[in-house]
Amino acid sequence: VEAIGRVVMPRVVYGLLLYLALPYVLLRLWWRARRQPQYRHHVGERFGRYADKPNAMPLIWLHAVSVGETHAAEPLVRALREKYPDHRMLLTHMTPTGREAGEGLFGDDVIRRYLPYDYPGAVWRFLDHFRPCVGLLMETEIWPNLVHACKVRGTPLVLVNARLSGKSFANYQRMSGLTAATLRELTAVAAQTSDDAQRFLALGAQNV
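Throughout what follows, the structure given in this document is the object of discussion. For every chain, the first residue of the written sequence is number 1, and numbering continues from 1 onward in sequence order. Since the coordinates come from a predicted model, pLDDT governs what is reported: local features require at least 70, and pairs of side-chain atoms require 80 or more to be given and counted, while whole-chain, interface and lining totals use all residues. Note: side-chain values were computed over all heavy atoms of the structure, leaving out hydrogens and water.

1. Brief notes about the pattern of salt bridges
Then, number 1: Whenever Lys or Arg places a side-chain nitrogen within 4 Å of a carboxyl oxygen from Asp or Glu, that contact is recorded as a salt bridge. Taken as a whole and assessed by the stated rule, the structure comprises 7 salt bridges.
Then, number 2: The shortest N-O distance in the salt bridge between Arg 78 and Glu 74 comes to 3.1 Å. With Arg 78 and Glu 74 both in helix α3 (residues 67–83) and 4 residues apart, the pair spans about one turn of that helix.
Then, number 3: For Arg 78, a relative accessible area of 36% gives the class partly exposed.
Then, number 4: Working definition: with a 1.4 Å probe on protein chains only, accessible area under 20% of the residue-type maximum means buried, over 50% means exposed, and in between means partly exposed. Residue Glu 74 is classed as partly exposed on the basis of its relative accessible area of 23%.
Then, number 5: Its salt-bridge partner being Arg 81, residue Asp 109 comes within 3.7 Å of it at the nearest N-O pair. Of this pair, Asp 109 sits in the loop between α4 (96–106) and β3 (111–114) while Arg 81 sits in helix α3, and the two are 28 residues apart along the sequence.
Then, number 6: Owing to a relative accessible area of 30%, Arg 81 belongs among the partly exposed residues under this scheme. In this description a helix means any DSSP run of H or I spanning at least four residues, a strand means any run of E spanning at least two, and both kinds are numbered starting from the N terminus.

2. As for the sheet that holds strand β4 (residues 134–138)
Then, number 1: We call two strands paired when DSSP finds no fewer than two bridges between them. Judged by pairing direction, the sheet is parallel, and its 6 strands sit side by side in the order β3-β2-β1-β4-β5-β6 without closing on themselves. Since the sheet does not close on itself, it has two edges, and those belong to β3 and β6 (188–191), each with one partner. Ignoring strand direction, the axes of neighbouring strands in this sheet form an average angle of 20 degrees.
Then, number 2: As paired strands, strand β1 (residues 59–63) and strand β2 (residues 88–93) are joined by 5 bridges and run parallel to one another. Its bridge partner being in β2, Leu 59 is matched across the sheet by Arg 88. Fitting a line to C-alpha atoms yields each axis, with helices limited to the stretch in contact; the angle taken between N-to-C directions then spans 0 to 180 degrees.

3. Quick notes on the environment of Lys 53
Then, number 1: In this fold, Lys 53 is placed in the loop between α2 (22–35) and β1.
Then, number 2: In sequence terms Lys 53 and His 129 are 76 residues apart; their C-alpha atoms lie 8.0 Å from each other.

4. Description of the packing of helix α7 (residues 166–173) against helix α9 (residues 194–203)
Then, number 1: Axis separation between α7 and α9 bottoms out at 11 Å; the angle between their running directions is 5 degrees. Judged on the interaxial angle alone, α9 and α7 are roughly parallel. Contact with α7, carried on its side by Gly 166, Phe 169, Tyr 172 and Gln 173, involves Arg 199, Ala 202 and Leu 203 of α9 and no other residues of that element.
Then, number 2: Think of it as three bins: nonpolar holds Ala, Val, Leu, Ile, Met, Phe, Trp, Tyr, Cys and Pro, charged holds Asp, Glu, Lys and Arg, and polar takes everything else, Gly as well. Here the contact of α7 with α9 is composed, by residue class, of 4 nonpolar, 2 polar and 1 charged. Between 65 and 115 degrees an angle is taken as roughly perpendicular, under 35 as roughly parallel, over 145 as roughly antiparallel, and anywhere else as oblique. Here, residues are in contact when the closest pair of their heavy atoms is within 4.5 Å.

Listed below in structure tokens is the structure:
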């Protein structure tokens, strides 16, 4: 019971903080849209609501937050498309510039959407809509509710090209219970360097 409490309570607190932060999240989205109007587009996707109909083909999902991660993912996307020609590729982003970079690199050969914010309902709607057979997160995308939902659904989820600086390691250590529980629910972590691998292991990741 004590062990379960150490896992559940941090996730509950995290969820409460997320909902308390919702007004700030919406305000920040509005503020960024003033400077970059593209933030006004596809707002529903940020809450797991998608207008298109799911494709019948099996789908491989890769998340690349913005421009840098999208360019870093290019050889992986092309290799996956070559190896699995009977699968569609879904590329998700958090920024309009990342989405535009994906369009420039792949055109209509991949599906491009926003990954929803890490609210439980939003991530479950995302997974229900696209039903990926596997998920790949680029670099340091550790979203507790998303990772947990994939684990519950049996969707393999891998952190690829993973990196963790000393500063980020210290920040994650402050939330050690939630961080360890989340990392343990990943299928695997493919780290950039041995130092990155050691930091992930120290935080509780397995199969690094």
